[in-house]
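A structural walkthrough
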Amino acid sequence: MADMNWPKQGTAAVLGATPDRIDGIAKATGAAKYTYDITPDKMLLARALGCPHGHCQITAIDVSPALQVPGVVAARALKNVGAQVNWEGDLVAVVVGETEGAVAEGLKEIKFAFNPLDVWVDDSDLAGAEKAGRTQGAGDNTKLDNKDIKKPEEQDAEFKRLLDECKKDGAVVEGEYGIHVITHMCLEPHGSTCEWEGDKLTAHLSTQNVSGTAGQFATPLQIAATDVTVHCDYVGGGFGSKFGADSWGVVCAQLAKETGRPVKLMLDRDLELKNAGTRPSGFIQVKIGANKEGVVQVWDSKHWGTSGIQGGPVTQGVIPYVFDPPNRRRKSIGINTNAAGARAWRAPNHPQACAITQVAYDDIARALGIDSYDVFLRNLPTVTNNKAEVYKAEMEIAAKLMDWRKKWHPHGKGPAKGSVVTGLGMAIHTWGGAPHSSTCTVKIHPDGAVETFLGSQDLGTGTRTVIAMVVAETLGLPVDAISVNIGSSKYPTSGSSGGSTTVGGVSESNRRGATDALNLLLAKVAPKLDAQPEDLEAVKGRIQVKGNTAKGLSWKEACGLLGMTPIEVQGNFQRGVTQTNLSSNGVAGVQMAEVAVDRETGVVKMLKFVAVQDMGLIINRKLAASQIYGAVIMGIAAALYEERIMDPTTGKFLNAELADYKLPRLGDTGQIVVELYEPESEYNRGVVGLGEPPVIAPPAAIANAVCNALGVRVGTLPMTPKRVLDAIAKAK
Amino acid sequence: MKNFEYAVPRTEAEALGLLSREWGETEILAGGTDLVGLMKKMIVTPDRVVNIKEIPTLRGVSETADGILIGAVTPLDEVLDSPLLDDFPAVKQAIRGISSIQLQAQGTIGGELCQRPQCWYYRNGGGLLADRGKLVASGDNRYHAIFNNSGPAKFVHPSRLAPALIALGAAVRVIGPKQDQESLVPLAEFYRVPRDDNQRETVLAPSQLVTHVYVPWLNLHSATYEVRHGEGPDYPLAAAAAALEISGGVVREARIVLGHVAPTPLVSGDARNALVGRSVDANTAESAGAAAVAHATPLSHNGYKAQLAKTAVKRAILLAAGLETGGF
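A word on the pairing of strand β3 (residues 48-51) of chain B
Residues and elements named next belong to chain B. Relative to β3, strand β1 (residues 5-7) runs parallel, the two being bridged by 3 bridges. The residue of β3 that forms the bridge with Y6 is V49. The pairing of strand β2 (residues 26-29) with β3 spans 4 bridges and is parallel. Across the sheet, residue L29 finds its bridge partner in β3, namely N51.

Here you go:
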């Protein structure tokens, strides 16, 4: 019988190789059809109207004038008179028409009036938010080495004593740090094209949750989930924001029903940014104390931020990030702002937590004049994930790739060339990444063709290629012999792509399904070869007696023994239920940045970035590296460029356009060096998710590098020229 | 965008005949890199779009007796590639700064000079002057003007070529409103600060058209320096162009023009005065930069731009003189 476990490290035929994406050509040539590309015959276009004010009560809304515009087919209000709107851009009406021009003119004709209400959008100003009544406690937690101290006033005294002790013997830093709200900026906005056949709905939805969205259409439409097909072959970015059918998806389906024609409703760029996902901000005041070696003894912080109208900050459980010193107090406060609710953003909470806390650790290095590397190293015994040894090994690799020891200089003490100074910084991160539940159907046809079906999606990870490689490895076939079918809710259920769960999940189900299918085939082949099934193996396109190339059949000949009926089996993995050696949970990761800063302009340039990452067993080294390159670029964006900018009076999201929303271009990323850390100890853990972890540490690492270059801390991210110059001026 | 009538004239005369006498009724389309976005957001909603890109006389770079003539619809990359402009490095540096190959290939020199402000209050539908400047004054003005901003207009002029061309003494040929009317307007006099929402950012009337840019041959040392947040096509935070007449190692005459700091490109007499009669080195460039921003009047969130403008002036002067800038 074929063995379900992964082959020993170094013996796999396909796993760990670097084949191109099997859909790479389709994507690069435009042959791949994304949701936005789906245009059924007789399709109508729909667009939404966003509320122009950040907080108001609707006094009039009338869509009937829109219906007078030639080419407009339908229009509907999405809110009633008297309703309160809590953010600018909230969808208040929608118009459906034959052409873009007709819809645009229809939108312009809608009568909409409102009474403005108080607006609050400043999430960095805690005192102002408190005064405006926009704050709420979001949890606190205290841990003291001396567990006998329980009364709050005694705890206050103990924190003061501990800090005083550090001040005497080591260093205390009182810092303020922050990172602003950013959006998901999916290149393909949220939306769908919906079409009905009788009472059956097909929703072409841009989604990272193919298997989980049919019901989200069915319930509000009052039809059975079995009457809904969600289809998505390719999705142009999700990053955690595309798990739902969304209210506008349901409206699209309703309008398709009402007009009797397919309707496409994709959000405009500005409405996309205003409605379809942001990452909460994080701001913090910290007192941190360390001994003279730089080992942190005490952490005392208050942090705040906004998740929009819901008003939640970064969860306090990840403060400080990865490290947990013996004495630690943290308090969190949420600010309720007039902005749409945040959505999960690649590694929720972690990038912000890393960016506002590991900078304080670096400031301890600055205060003591110690190499930042040594401060991180000496604090590894306090990491919360039992991975101190992995971090240590990864730090050594990263330092070598960065040439850290040679390049390092104390903060602000490096050589200057004209007005340009350079610096180094580092940060570490952690993530779970256990696989999601996944079911697949694997078929082996009598002609030797192999196909697999599952309701998964390719969020950018290369899901199709991963599946093909796992099945090919299992069946001893080349990757291109496997036909992979994903992207329909009618296929077997597979989890949503969130939490770095997809590669693990689809590998689990497909390894299991393909192994079971192979065993059925071996049972057919065994008598023909006068052997027992357990004596057979599938290698290099043959079924043969193990190690004996002379005693075997070609794959095609072997499959010919099936007669007229294909083999069909299901591979099934249920998270938390299925016992497994194929996958695991938990990663570390070390990143280092080298930057140059022009002190006269405040412009920061990335010189080099090193990312060392473990992920258990690596399925495809090229795809894994691609994930890390993308994550690092996204991290550079948050460190240096992107933020949501709001007008304080009207609550307008001022930079909700690609022209105004700053993002790095390729010329801004510098050299990125990726190292995949896969010693045997990691390989033997099986697959662990990779999508999120490498996006966590870049902002902190880059902030620390800028501080190392300047000798001045730029407290708030992104580090725009304005903030860099302001920090330099303040330090003078 | 709303529906519109589309006209493609083949001659200057035809083009003039298609333009309305009222702002807003017709818009001129060249490369479209700015206009199309404005139309999609319904910031401008013309009844007729007049595409002038098919008028053959408006395209190309040629030499005249005393200068260079560039047709208004000549794409920026053609200007960049033209050897006739090799001795005007300020122009080529400004085009290179645009970075995007698509914008360089699609955008035209006339369109670049006539593009509309990027002010986010304007682009979000608040009107060109954003409630007579109140939205900008009380709002987020980190990218707005630090000079000439006491009136309602607080945007910065977006052109990246205008500072260089003004420094080089360029002019634009303007035709209309009447069929046989034409004039040569010095680019330094082409821009103006609008006082109300019915005015635009240039002296053009609605039915006038820029047909050519003329750059005189004055044997100047020139350079453009833009402070850019990144390497992408985003607009600079501040910029300056310098054109210097140098003989015997001494600056005899200078024109220093700042960009992205005022509602128009801004000629700095103070910077000129700090430079003329001296040789160019880091100190004189620094003092010219300081002089250029000495009278800046920043808004609530853009004080940092004075430092950027000062640095841009200093570095443009150093570059024009063939010296190192000491920065990126």
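Now, onward.
Describing the nonpolar core
Here is a general trend for soluble globular proteins: nonpolar side chains tend to be buried in one another's company. All names here are of chain A. If you look at the biggest cluster of nonpolar residues, it comprises 105 residues, and the most contacted ones within it are I428, I702 and M719. Ranked by the residues each element gives to this core, the list is headed by helix α16 (residues 621-640), at 10 residues. Beyond its immediate stretch of four places on either side in the chain, I428 contacts Y321, V322, F323, C354, Q358, F376, L380, V383, Y391, G589, V590 and A697. In this structure, V14, L477, L529 and V687 belong to the second largest nonpolar core, which totals 48 residues.

What about the layout of surface pockets?
Residues and elements named next belong to chain A. Estimated volume of the second largest pocket: approximately 1200 Å³. Around the second largest pocket, the lining comprises 44 residues; the ones closest to its centre are S124, H180, F283, T716 and R723. Of all the elements in the fold, those that place two or more residues in the lining of the second largest pocket are β8 (171-179), β15 (282-290) and α19 (721-731). For the lining of the second largest pocket, the leading source of residues is α19, giving 7 residues. A breakdown of the residues in the lining of the second largest pocket according to their chemical character gives 19 nonpolar, 11 polar and 14 charged.

Describing the domain arrangement of chain A
Residue and element names in this part refer to chain A. We note that the domain assignment places domain 1 (35-118 + 206-266), domain 2 (350-372 + 386-433 + 585-731) and domain 3 (436-573) within chain A. Put simply, the middle of domain 1 and the middle of domain 2, counted by C-alpha atoms, are 39 Å apart. With 5 residues of domain 1 at the contact, the number on the domain 2 side is 6 residues. Across the interface of domain 1 and domain 2, roughly 390 Å² is buried in total on both sides, 50% from carbon and sulfur atoms. Broken down residue by residue, the surface that domain 1 buries against domain 2 is led by H53, E88 and F239, which jointly contribute 73%. Counting every contact that joins domain 1 to domain 2 gives 1 salt bridge. We note a salt bridge from K652 to E88, for which the minimum N-O separation is 3.9 Å. Counting across the domain 1 and domain 2 interface gives 3 residue pairs in polar contact (both at pLDDT 80 or more).

Brief notes about the sheet that holds strand β11 (residues 200-205) of chain A
Across a sheet, paired strands are connected by hydrogen bonds in the backbone, their directions being either parallel or antiparallel. Residues and elements named next belong to chain A. The strand order β3-β5-β1-β13-β10-β11-β12 describes an open sheet built from 7 strands, whose pairing is mixed. With one partner strand each, in any of the chains shown, β3 (72-77) and β12 (228-231) form the two edges of the open sheet. On average, each strand axis in the sheet is inclined to that of its neighbour by 20°, with strand direction left out of account. By the bridge criterion, 4 bridges tie strand β10 (residues 191-197) to strand β13 (residues 263-266) in an arrangement that is antiparallel. The partner of T193 across the bridge, within β13, is K264.

Quick notes on the packing of α16(A) against helix α18 (residues 698-710) of chain A
Residue and element names in this part refer to chain A. Close contact between α16 and α18 brings their axes to 8 Å; oriented N to C, the two are set at 55°. Accordingly, the angle class assigned to the pair α16 and α18 is oblique. Read as a crossing pair, α16 and α18 show a hand that is right-handed. Only P698, P699 and I702 of α18 make contact with α16, whose side of the interface consists of A631, V632, G635, I636, A638, A639 and L640. Residue composition of the contact of α16 with α18, by class: 9 nonpolar, 1 polar and no charged.

Comments concerning the environment of B:Q106
All names here are of chain B. Looking at where Q106 falls in the secondary structure, it is placed in helix α5 (residues 101-106). Sequence separation of Q106 and T33 is 73 residues, and the distance between their C-alpha atoms is 7.0 Å. At 2.7 Å, the side chain of Q106 and the backbone oxygen of G31 are in polar contact.

What counts as what
- Residues numbered from 1 in each chain as written.
- Chains lettered and ligands numbered in written order.
- Predicted model: local features only at pLDDT ≥ 70, side-chain atom pairs only at ≥ 80, totals over all residues.
- Heavy atoms only, no water.
- Pairing = 2+ DSSP bridges.
- Helix = DSSP H or I, 4+ residues; strand = E, 2+ residues; numbered from the N terminus.
- Core = buried A, V, L, I, M, F, W, Y, C linked by side-chain atoms within 4.5 Å.
- Buried < 20%, exposed > 50% of the residue type's maximum accessible area, 1.4 Å probe, protein only.
- Contact = heavy atoms within 4.5 Å.
- 1 Å grid on protein atoms, 1.4 Å probe; cavity = no way out; pocket = protein on both sides within 12 Å on 5 of 7 lines; lining within 4 Å.
- Points joined across faces, edges and corners; volume = space filled by probe spheres on them.
- Nonpolar A, V, L, I, M, F, W, Y, C, P; charged D, E, K, R; others polar.
- Domains from an automatic or database assignment.
- Buried area = accessible area lost by both parts, 1.4 Å probe.
- Salt bridge = Lys/Arg side-chain N within 4 Å of Asp/Glu carboxyl O.
- Polar contact = N/O pair within 3.5 Å; in protein donor to acceptor, adjacent residues only side chain to side chain.
- Axes fitted to C-alpha atoms, helices over the stretch in contact; angles between N-to-C directions.
- Parallel < 35°, antiparallel > 145°, perpendicular 65-115°, else oblique.
- Left-handed = near helix turned anticlockwise from the far one by under 90°.

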